[in-house]
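# Reading the structure
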Amino acid sequence: MVDATTAQRAAELRRLIDYHNHRYYVLDQPEIADAEYDRLMRELLEIERAHPELVTPDSPTQRVGAQPLSAFGPVRHGIAMLSLDNVFDEAGLAEFDRRLRERLGVEEVVYVAEPKLDGSSLNLRYENGLLVQAGTRGDGVTGEDVTANVRTMQTVPLRLRGSGWPALVEVRGEVVIRKADFEELNRRRLEAGERLNAQRLNAGEPTFANPRNAAAGSLRQLDPRITASRPLSFFPYGLGAQSGAVAATHWETLERLAEWGFRLSEQRQRVRGLEAMRGYVERMLTQRDELPFEIDGVVYKVDDLAAREALGFTSRAPRWAVAYKLPAMEATTRVRGIIASVGRTGVITPVADLEPVAVGGVIVSRATLHNLDEVRRKDVRVGDTVLVRRAGDVIPEITAVVPEKRPADALPWEMPASCPVCGAEVMRVEGEAAHRCLGGLYCPAQRVGALLHFASRKAMDIEGLGDKLVEQLVEYDLVKNVADLYRLERKELLTLERMGEKSTDKLLAAIERSKDTTLPRLIYALGISQVGQVTAAQLARHFGDLAPLMEASEEELTAVPDVGPVVARAIAHFFGQPHNREVIEQLQAVGVRWPPVERPAVDSAIAGKTFVLTGTLASMTRDEAGARIEALGGKVSSSVSKKTGDVVAGEAAGSKLERAQALGVTVLDEAAFLALLEQ
């Protein structure tokens, strides 16, 4: 026997959880933290486990946990779920509006305009406010019973909220997945597949081609627990069978649905006449890429329900509604070839050469395949028929292959062993998805990127050599590699856009100054993959000059602090390219100079220790102090940790000093630091 207090508490918990679910999933206005919500749910679960007789069909605990089905049963809709007639341009829209005005005998018609969500249609049957059945559209008359799955969806009320609903009412709408949730779902499936491959089990679940397929597939899972794990949303667009009138207009019907606990499309709008209809289409085309859900069109419905009755139906569609189809964002075409495209940083990207096809109003003939792993995951081959997707200004991509149309002689694509532009070695660094061309100093495809990196402030520091100028130098073939910068003539520069006498002279002076550099700066300027400023400084200190570094084996390179096998391999392979060595010889020939770095004494009081600099020093800048430390074999870090050797604190030292004191790290004032340098 359940006492009244427990029964009342269970009812109160159901009410509270339903309220907070509505705030979170429908209104996007949560009022409590996740931890508090979880506490309420745990309390209700405990009560219902102890007293099963208190479990109700609309309890939030019943959204998950149903046993898998063996098959879906049939559902017959109270009123057929008809299709909509389509129009594809303004002429078709104008003709639709003309017919309705003539039939109704009015000058203007008021419509309700809504985005046509690209998902899966659903019919929900409520009796006395309680969800009793959910069915897919099927053939329009009979669908599949997916009630157990739909009960897991947080945007579908298990019991209608508010009041005024008929004893029997069918709510119709679209099941969709947000674009962001779709990307996350595919990312998780891909990671799961990679883990299974690593364990040599199987390939795991394939990724979904688009949000529509993901929504439809998630809705038709025999195991409701799988549906529950998918981020599905339901947006109602109207009513089916009903035992009593709800409203006089479609707009008012949507307002009632919001009161009953459903989430509505925020883009819905009442429009009057053809010009307003055209304006709504233009707005949706403009906003399409920014909308959280995929849309494939706009739906216009006559707002006045009495006028709808007068207009009636054809054999397959209502006369009072039409779908204006937006240009497709996905199309089918054939792969003519796969090109290895070399980017400015040397990354090689497989690009599919396609038979031209219209996608989203644009003719598409190329689509990115990202990297070799992506080519293999999607198994794209030359000759394949594929689905191509385009969103806004994003480069089109292949979303899926149509395997049944694959030619018998289609072979898997492989990354070329040498760069298709310069012939240098192509290498994939361990831990990276990308393959890279190692001809960074001379590869024409990388020329702009290599020059900009070489001239950057922390490399050779050539002030005035920016993006636009470098692009002109490359475009007019004035510079083929970084050494050519030192061969530029004044008269050549004066012919370039925005290069007057003053700016030209300043640039030539900056180029001349850069000839006197340091070994760490030079190593960094070469643009070796995996070699940043810190690693360049470590290499300079260890080898002392560029020549022994260029001849070092991978094993010798791994003896350098912080240089592991992956970095050592990248360095060795870079210097193994003859053309890279030729460019370095040219740099020396044009007068680039760097003094050798004295290798630190092993008994230095600073060697091997990590220092953090904070505050202002009177005798030197922080950069100069860091250089002194590194010259003596020490390291400079930007953050304080237990591994920090000493913190050098100058005037106005801040939080780093406090952190050091809290951790018990040795703190040196400027005098103590200078004494340490002298030891």
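Residue numbering note: each chain is counted from 1, following its sequence as written. Under the rules for a predicted model, residues below a pLDDT of 70 receive no local features and side-chain atom pairs below 80 are neither given nor counted, while totals for whole chains, interfaces and linings still include all residues. Think of the side-chain values as coming from all heavy atoms in the structure, minus any hydrogens and water.

Below, the discussion takes up the nonpolar core. Buried Ala, Val, Leu, Ile, Met, Phe, Trp, Tyr and Cys residues that are joined via side-chain atoms within 4.5 Å together make up what is termed a nonpolar core. When accessible area is computed with a 1.4 Å probe and restricted to protein chains, residues below 20% of their type maximum are described as buried, those above 50% as exposed, and intermediate ones as partly exposed. The biggest cluster of nonpolar side chains holds 84 residues, and the ones touching the most others in it are Ile398, Ile462, Leu485, Tyr486, Leu539, Leu546 and Phe575. Not counting residues up to four positions away in its chain, the partners in contact with Leu539 are Ile523, Val531, Gly544, Leu549, Leu557, Val560, Val563 and Ile571. Counting 32 residues, the second largest nonpolar core, distinct from the first, contains Phe72, Leu131, Ala134 and Trp251. Residue contacts follow a heavy-atom distance rule, with two residues in contact if any of their heavy atoms lie within 4.5 Å.

For the rest of this paragraph, the subject is the sheet that holds strand β7 (residues 168–177). Any two strands between which DSSP finds at least two bridges are classified as paired. Helix and strand assignments follow DSSP, with helices taken as H or I runs no shorter than four residues and strands as E runs no shorter than two, numbered in order from the N terminus. The four strands lie next to each other as β5-β4-β7-β8, forming an open sheet whose pairing is antiparallel. Both edges of this open sheet fall to β5 (130–136) and β8 (232–242), since each of them pairs with a single strand only. For this sheet the average axis-to-axis angle between neighbouring strands, irrespective of direction, equals 30°. In this fold helix α6 (residues 211–219) packs onto β4 (120–127), β5, β7 and β8, with an angle of close to 130° to the strand it touches most, β7. Whenever a helix is involved, its axis is fitted only over the stretch in contact; in every case the axis is a line through C-alpha atoms, and angles between N-to-C directions fall within 0 to 180 degrees. Sheet strands touched by helix α8 (residues 250–259): β7 and β8. Its angle to β8, the strand with the most contacts, is close to 125°.

Our focus in this paragraph is the environment of Ile348. As for its placement among the helices and strands, Ile348 is situated in strand β13 (residues 347–359). Other than its neighbours up to four places away in sequence, Ile348 contacts Ala340, Ser341, Val342, Met415, Val426, His435, Arg436 and Cys437.

Moving on, we come to the environment of Trp413. With respect to the helices, strands and loops of the structure, Trp413 is situated in the loop between β16 (397–401) and β17 (426–428). For Trp413, a relative accessible area of 13% corresponds to the buried category. In the structure, Trp413 is positioned 197 residues away from Ala216 in sequence and 32 Å away in space, judged by C-alpha atoms.

Strand order in the open sheet formed by five strands is β2-β11-β10-β3-β9, with mixed pairing between adjacent strands. One side of each edge strand has no neighbouring strand; the edge strands of this open sheet are β2 (86–87) and β9 (269–272). When strand β10 (residues 295–302) meets strand β11 (residues 321–325), the two strands line up antiparallel, connected through five bridges. Bridge pairing in β11 links Tyr300 to Val322. On top of the sheet, α8 reaches β3 (110–117), β9 and β10; it is set at about 50° to β3, its chief contact. Taken strand by strand, helix α9 (residues 273–287) contacts β3, β9, β10 and β11, and its axis lies near 140° from that of β9.

Close contact between helix α12 (residues 447–455) and helix α13 (residues 467–475) brings their axes to 10 Å; oriented N to C, the two are set at 135°. Classified by the angle between their axes, α12 and α13 sit oblique to one another. In the crossing of α12 with α13, the sense of the turn from one axis to the other is right-handed. Residues Arg447, Val448, Leu451 and Leu452 of α12 form the contact with α13, whose own contacting residues are Asp467, Val470, Glu471 and Val474. Just so you know the grouping, Ala, Val, Leu, Ile, Met, Phe, Trp, Tyr, Cys and Pro go in nonpolar, Asp, Glu, Lys and Arg go in charged, and all remaining residues, Gly too, go in polar. Looking at the contact of α12 with α13, its residues break down into five nonpolar, no polar and three charged. Should an angle lie under 35 degrees it is considered roughly parallel, over 145 roughly antiparallel, and from 65 to 115 roughly perpendicular; all remaining angles are considered oblique. Helix crossings fall into two classes, left-handed where the near helix is turned counterclockwise from the far one by less than a right angle and right-handed where it is turned clockwise.

Moving on, we get to the packing of helix α3 (residues 90–104) against α9. Between α3 and α9, whose axes approach to 10 Å, the crossing angle comes to 145°. Of the two possible hands of crossing, α3 and α9 adopt the one that is right-handed. Taking contact as the criterion, the partners of Glu90, Leu93, Ala94, Phe96 and Asp97 in α3 are, on α9, Leu274, Met277, Arg278 and Glu282. Among the residues forming the contact of α3 with α9, the class breakdown is five nonpolar, no polar and four charged.

Here we come to the packing of aromatic side chains. The rule is short: rings of Phe, Tyr and Trp, with Trp giving its six-membered ring, pair when the centres are within 6.5 Å, and they are stacked under 30 degrees, edge-to-face over 60, tilted in between. Applying the stated criterion across every chain yields a total of nine aromatic pairs. Ring plane angle 75° and centroid distance 6.1 Å describe the contact between Phe313 and Trp320, whose orientation is recorded as edge-to-face. The class for Phe313 is partly exposed, based on a relative accessible area of 47%. Here Trp320 falls in the buried class, since its relative accessible area comes to 14%. When the NZ atom of lysine or the CZ atom of arginine is within 6 Å of a ring's centre and also within 35 degrees of its normal, the charge is said to sit over that ring. The ring of Trp251 is capped by Arg268, whose NZ or CZ atom sits 5.5 Å from the centre of that ring. When the ring centre of Trp320 is taken as reference, the NZ or CZ atom of Arg308 above it lies at 4.0 Å.

Along helix α17 (residues 533–543), eight of the 11 residues are buried, which leaves the element largely enclosed by surrounding structure. Taken as a whole, α17 has its buried residues at Thr535, Ala536, Ala537, Gln538, Leu539, Ala540, Arg541 and Phe543. In this fold, the buried residues of α17 make contact with α16 (519–525), α18 (546–551), α19 (554–557), α20 (565–575), α22 (622–631) and β20 (635–637). Just downstream of α17, Gly544 is the residue with a positive phi angle, here 80°.

Secondary-structure assignment places Arg172 in strand β7. You can call Arg172 buried: its relative accessible area is 7%. Polar contacts, as used here, are pairs of N or O atoms within 3.5 Å; protein pairs need one atom able to donate a hydrogen and one able to accept it. Residues neighboring in sequence count only if both atoms are side-chain atoms. For Arg172, the side chain forms a polar contact with the side chain of Asn123, separated by 2.7 Å. Polar contacts involving the side chain of Arg172 include one to the side chain of Glu170, which spans 3.2 Å. Setting aside residues no more than four positions away along its own chain, Arg172 makes contact with His77, Ile79, Ala80, Met81, Leu122, Asn123, Phe234, Pro236, Tyr237, Gly238, Leu239 and Gly240.

Let's shift gears to the state of the cysteines. Defined by distance alone, a disulfide is two cysteine sulfur atoms within 2.5 Å. Summed over the entire model, instances satisfying the criterion amount to zero disulfides. Of all cysteine sulfurs, the one in Cys437 lies closest to Cys419, which takes part in no disulfide; the gap is 3.6 Å. With no disulfide of its own, Cys437 lies closest to Cys422 among cysteine sulfurs, the gap being 3.6 Å. Note on Cys437: relative accessible area 5%, which makes it buried.

Here the focus is the confidence of the model for the protein chain. Every residue carries a pLDDT, the predictor's confidence in it, which falls somewhere between 0 and 100. Scored by pLDDT, the protein chain comes out at a mean of 86, with 93% of its residues at no less than 70. By mean pLDDT, helix α5 (residues 179–198) is the weakest element of the protein chain at 67, and β9 is the strongest at 96. A low-confidence stretch, residues 194–204 stays under pLDDT 50, and its non-local contacts, those more than four residues away or across chains, total eight contacts.

Salt bridge, as used here, is a side-chain nitrogen of Lys or Arg placed within 4 Å of a carboxyl oxygen of Asp or Glu. According to the stated counting rule, one finds 45 salt bridges in the structure shown. Between Lys515 and Glu512 there is a salt bridge; the shortest N-O distance is 3.2 Å. Here the salt bridges share partners, and the residues they tie into one network are Glu95, Arg98, Arg99 and Glu102.

Let us look at the side chain of Asn371. Its place among the elements puts Asn371 in the loop between β14 (362–368) and α11 (372–378). Assessed through its relative accessible area of 18%, Asn371 is described here as buried. Within the structure, Asn371 has its side chain in polar contact with the backbone nitrogen of Asp373 (distance 3.1 Å). Setting aside chain neighbours within four positions, we find Asn371 in contact with Pro350 and Ala433.

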